[in-house]
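Letter by letter, the chains look like this.
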Protein chains: 2
Amino acid sequence: MYETSSSASDAASPLSCCECNARGVCLPAGMSDADCARVSGLVLQQHRLVRGDALQGVNEPVHGRWYAIRSGQFKSFQADQHGKPCITRFASAGELLGLDSLDLDRYTDSTTALCDSTVCEFSYPQLVEAARHFPDLARSLECRLSKQLAQQQALLVRCDYAEQKFAQFLSHQAWKRSYQDDHMLELHLDLSRQEIADYLDVTHATVTRMISRLQGLGIIGVRYRQLRLLDRPGLHQIAAGQHPASKGGAGTASDNAAHQPA
Amino acid sequence: MYETSSSASDAASPLSCCECNARGVCLPAGMSDADCARVSGLVLQQHRLVRGDALQGVNEPVHGRWYAIRSGQFKSFQADQHGKPCITRFASAGELLGLDSLDLDRYTDSTTALCDSTVCEFSYPQLVEAARHFPDLARSLECRLSKQLAQQQALLVRCDYAEQKFAQFLSHQAWKRSYQDDHMLELHLDLSRQEIADYLDVTHATVTRMISRLQGLGIIGVRYRQLRLLDRPGLHQIAAGQHPASKGGAGTASDNAAHQPA
DNA sequence: CGCTATCTTGAGATAAATCAAAAAATGTGG
DNA sequence: CCACATTTTTTGATTTATCTCAAGATAGCG
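Chain A carries the name Crp/Fnr family transcriptional regulator in an unreviewed UniProt entry, which gives Janthinobacterium tructae as its organism.

This is the structure we're talking about:
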């Protein structure tokens, strides 16, 4: 769905931003075709990655690089004191990677592909230079920085229960993907239970239990790593803090419980 | 210590950035006197606030404003689903407020002064305009945005115990203030136990218990809201995940309990 | 001096962790 | 295509850090 034309060779065929599927949510969002082309000219190269490939590792020199995701999904993570990976971010098409390292010497985190993906590489110094005659570009970047900051801010709001965190996580993922398709109910998260657990700061056992419960409530349908959101309103209620159905149904009013088998 | 000359009247006497105590850690950090003066010219006005004053409230229109803290301390917070305040940030001299709202219409959080404070007000559209002929300014802002993003990122790394969170919080606060005085051990946090609790996402009872324990270990000295860091190495060890002294001493190796005065 | 805020401390309740062991899926080689 | 090894997911029993509820202690203030 993301790959249209293109046989996207590795560093060749630098598909122009103007034709990119992510254009509307990426750096040139809202720009004219002409300006979009100027942005396109700043792409140093494009990289293809397969699941598990590292885009960048902790302690690697930054050299002013940063990336825009053309397609795919990525996770960024740091290691805590026990070496356990702490996932700090999931990012998909249109999102910018490395904005938190613009003025750093070396990366403080690692970023790897969760599935086969493509990214465009930029240079910050070069962008600064280009911005001298293209102020809208600097502004677009600042806007993205600000937005990302606001999003991170929102993550700091706490939850009473792990289930609420998970519901918020799902809602957010669905929202990020629904810029084109508002009724997108299929969520393909290329994440193991363990990876979800690392992100939500719970154990994999807890993730499994949460998923089972939500499935029992008919809010989601699960088949391995393929999720189907069956009851968006119910999900939002849990995300908003409506206490889940620990004991009494007290139901989210959505007892229709669509049984997605398989 | 922050107020030097100046009798800082309200919107008058816009003390120039060049003479501001926060110059080295604020927007004009690293700039020449001439450039610093240019930044100073962008200050729309200065505001004085007393403890409890709101700088900006949730849902208020933004109008492109943002602020630099000249002196004092602020907290930013949102309300969770039960109305409990979730503190997402503490900020002091030199830090910029409102960068997460640059492209928002209305604020999504509130910010209030924790003690008597002064801020400089800027306009983002005006800065964008100024940046056309002053690219270093845009760059400085981007740099600050990036740094703040990296800091927030770091906050997302989880802790096993509330005590570890608290130790990290203290270390971070000490670090933020030690740009001038590396041996600053007195920490005046204008925060109630409840406010600390809201930030760390624990209850005030837990905060009290943590403080008592750390005091018992000789790591901090406490007198109401005045904290004294007695054993920085010990504190860092706890912040780094060294399990605290729940039962056996198993000492953090800093049994010297460094009463390290100054 | 008493009032009110804030802070401390204790006892019981609980969501999630830990430990542990099946069960299901995936991969490998004969 | 089927046995076997490996990984991932599910499920259960016990433990634990922190919460909740509640009472007592301390500081600040009119």
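More follows now that the structure is in view.
A.B. asks: Requested: an account of the packing of aromatic side chains, with residues and values cited.
C.D. replies: Residues and elements named next belong to chain A. Considering all chains together, one arrives at 10 aromatic pairs over all chains under this definition. Ring centres of Trp66 and Phe122 lie 4.6 Å apart, and the angle between their planes is 15°; this geometry places the pair in the stacked category. Of this pair, Trp66 sits in strand β3 (residues 65-71) while Phe122 sits in strand β8 (residues 117-123), placing them 56 residues apart in sequence. Side by side, Trp66 and Phe122 carry an identical accessibility label, which is buried. Their ring planes at 55° and their centres at 5.3 Å tell us that Phe169 and Tyr199 sit as a pair that is tilted. Here the residue Phe169 occupies a position in helix α4 (residues 162-177), and Tyr199 occupies one in helix α5 (residues 193-200), the gap between them amounting to 30 residues. Note on Phe169: relative accessible area 4%, which makes it buried. Taking the relative accessible area as the measure of exposure, Tyr199 reaches 12% and is therefore buried. Joined through ring pairs, the aromatic side chains of Phe90, Phe166, Phe169 and Tyr199 make up one cluster. When the ring centre of Phe134 is taken as reference, the NZ or CZ atom of Arg38 above it lies at 3.9 Å.

A.B. asks: Break down the pairing of β8 of chain A for me, with residues and values.
C.D. replies: Residues and elements named next belong to chain A. A large share of β8 lies buried, amounting to seven of its seven residues. When β3 meets β8, the two strands line up antiparallel, connected through six bridges. Across the sheet, the residue bridging to Ser71 is Thr118, located in β8.

A.B. asks: Outline the interface of chain A and chain B, listing residues and values.
C.D. replies: Of the residues lining the interface, 41 residues belong to chain A; the matching set on chain B comes to 42 residues. Where chain A touches chain B, the interface holds two salt bridges. With a shortest N-O distance of 3.9 Å, Lys147 of chain B and Asp103 of chain A are connected by a salt bridge. Seen at the junction of chain A and chain B, the total is 14 residue pairs in polar contact (both at pLDDT 80 or more). Contributions of two or more residues to the side of chain A that touches chain B are made by β5 (85-92), α2 (124-131), α3 (135-155) and α5 of chain A.

A.B. asks: Summarise the pattern of salt bridges; cite the residues concerned and give the values.
C.D. replies: Applying the stated rule across the entire model yields 20 salt bridges over all chains. Glu163 of chain A is the salt-bridge partner of Arg213 of chain A, the closest N and O atoms lying 2.8 Å from each other. In this pair, Arg213 of chain A is assigned in helix α6 (residues 204-216) and Glu163 of chain A in helix α4, connecting sequence segments 50 residues apart. Of the residues examined, Arg213 of chain A reaches a relative accessible area of 36% and is grouped as partly exposed. Here Asp35 of chain B ties to Arg38 of chain B by a salt bridge, and the two come within 3.9 Å at their closest N and O atoms. One end of the pair, Asp35 of chain B, and the other, Arg38 of chain B, are both in helix α1 (residues 33-40), three residues apart, so they sit about a helical turn from each other. Salt bridges sharing partners connect three or more residues here, namely Arg51, Lys75 and Glu195 of chain A.

A.B. asks: Any details on the sheet that holds strand β9 (residues 186-188) of chain A? Residues and values, ideally.
C.D. replies: Two strands in a sheet stick together by hydrogen bonds in their backbones, pointing the same way (parallel) or opposite ways (antiparallel). Residue and element names in this part refer to chain A. One open sheet accounts for three strands, arranged β9-β11-β10; its pairing is antiparallel. The sheet terminates laterally at β9 and β10 (220-223), the two strands that pair on one side only. The average angle at which neighbouring strand axes cross in this sheet is 20°, direction not considered.

A.B. asks: Give me the domain arrangement of chain A: which residues, what numbers.
C.D. replies: All names here are of chain A. Here chain A is partitioned into domain 1 (18-156) and domain 2 (162-240). Placing the centre of domain 1 and that of domain 2 at their C-alpha centroids yields a distance of 25 Å. Counting residues at the interface gives 18 residues for domain 1 and 15 residues for domain 2. Looking at the side of domain 1 facing domain 2, the largest losses of area belong to Gln73, Ile87 and Phe90, adding up to 38% of the total buried there. Across the domain 1-domain 2 interface, the total number found is four salt bridges. For Lys75, the salt bridge goes to Glu195, with nearest N and O atoms at 2.7 Å. Those elements that place two or more of their residues in the side of domain 1 that touches domain 2 are β4 (73-79), β5 and α3. Counting residues per element, the side of domain 1 that touches domain 2 draws most heavily on β5, which supplies eight residues. Residues that form the side of domain 1 that touches domain 2 fall into these classes: nine nonpolar, four polar and five charged.

A.B. asks: Describe the protein's contact with DNA strand D, and please don't skip the residues or the numbers.
C.D. replies: Surrounding DNA strand D, one finds 16 residues, the nearest of these being Arg193 of chain A together with Ala162, Val202, Thr206 and Tyr224 of chain B. For DNA strand D, the fraction of protein-proximal atoms (within 4 Å) that sit in sugar or phosphate groups is 80%. Within the side chain of Arg193 of chain A, a nitrogen or oxygen atom sits 2.7 Å from a phosphate oxygen of DNA strand D. Sorting the residues of the surface near DNA strand D by element identifies α6 of chain A together with α6 (204-216) of chain B as the ones contributing at least two each. Split by residue class, the surface near DNA strand D holds five nonpolar, six polar and five charged.

A.B. asks: Tell me about helix α4 (residues 162-177) of chain B, and please be specific about residues and values.
C.D. replies: With 16 residues, α4 of chain B ought to run about 22 Å at 1.5 Å a step, and its terminal C-alpha atoms sit 23 Å apart, in line with that. Along α4 of chain B, the residues classified as buried are Glu163, Gln164, Phe166, Ala167, Phe169, Leu170, Ser171, Gln173, Ala174, Lys176 and Arg177 of chain B.

A.B. asks: Describe the environment of Gln151 of chain A, naming the residues involved and giving the relevant values.
C.D. replies: Residues and elements named next belong to chain A. Along the chain, Gln151 falls in helix α3. Classification of Gln151 by relative accessible area gives partly exposed; the value is 34%. Sequence spacing of Gln151 and Pro85 is 66 residues, and the spatial spacing of their C-alpha atoms is 21 Å. Setting aside its immediate chain neighbours within four residues, Gln151 contacts His172 and Trp175.

A.B. asks: I'd like a rundown of the relation of the copies chain A and chain B, residues and numbers included.
C.D. replies: By a simple turn and slide, chain A fits onto chain B: the slide is 0.0 Å along the axis, the RMSD is 0.0 Å, and the turn is 180°. A rotation of that kind, with that shift, is consistent with a two-fold axis. A symmetric contact is evident, with 100% of the interface residues of chain A recurring at the interface of chain B.

Conventions adopted
- Residues numbered from 1 in each chain as written.
- Chains lettered and ligands numbered in written order.
- Predicted model: local features only at pLDDT ≥ 70, side-chain atom pairs only at ≥ 80, totals over all residues.
- Heavy atoms only, no water.
- Phe/Tyr/Trp six-rings, centres within 6.5 Å; stacked < 30°, edge-to-face > 60°.
- Helix = DSSP H or I, 4+ residues; strand = E, 2+ residues; numbered from the N terminus.
- Buried < 20%, exposed > 50% of the residue type's maximum accessible area, 1.4 Å probe, protein only.
- Lys NZ or Arg CZ within 6 Å of the ring centre and 35° of its normal.
- Pairing = 2+ DSSP bridges.
- Contact = heavy atoms within 4.5 Å.
- Salt bridge = Lys/Arg side-chain N within 4 Å of Asp/Glu carboxyl O.
- Polar contact = N/O pair within 3.5 Å; in protein donor to acceptor, adjacent residues only side chain to side chain.
- Axes fitted to C-alpha atoms, helices over the stretch in contact; angles between N-to-C directions.
- Domains from an automatic or database assignment.
- Buried area = accessible area lost by both parts, 1.4 Å probe.
- Nonpolar A, V, L, I, M, F, W, Y, C, P; charged D, E, K, R; others polar.
- Near = heavy atom within 4 Å.
- Expected span 1.5 Å × (residues − 1).
- Least-squares fit on C-alpha atoms with pLDDT ≥ 70 in both.

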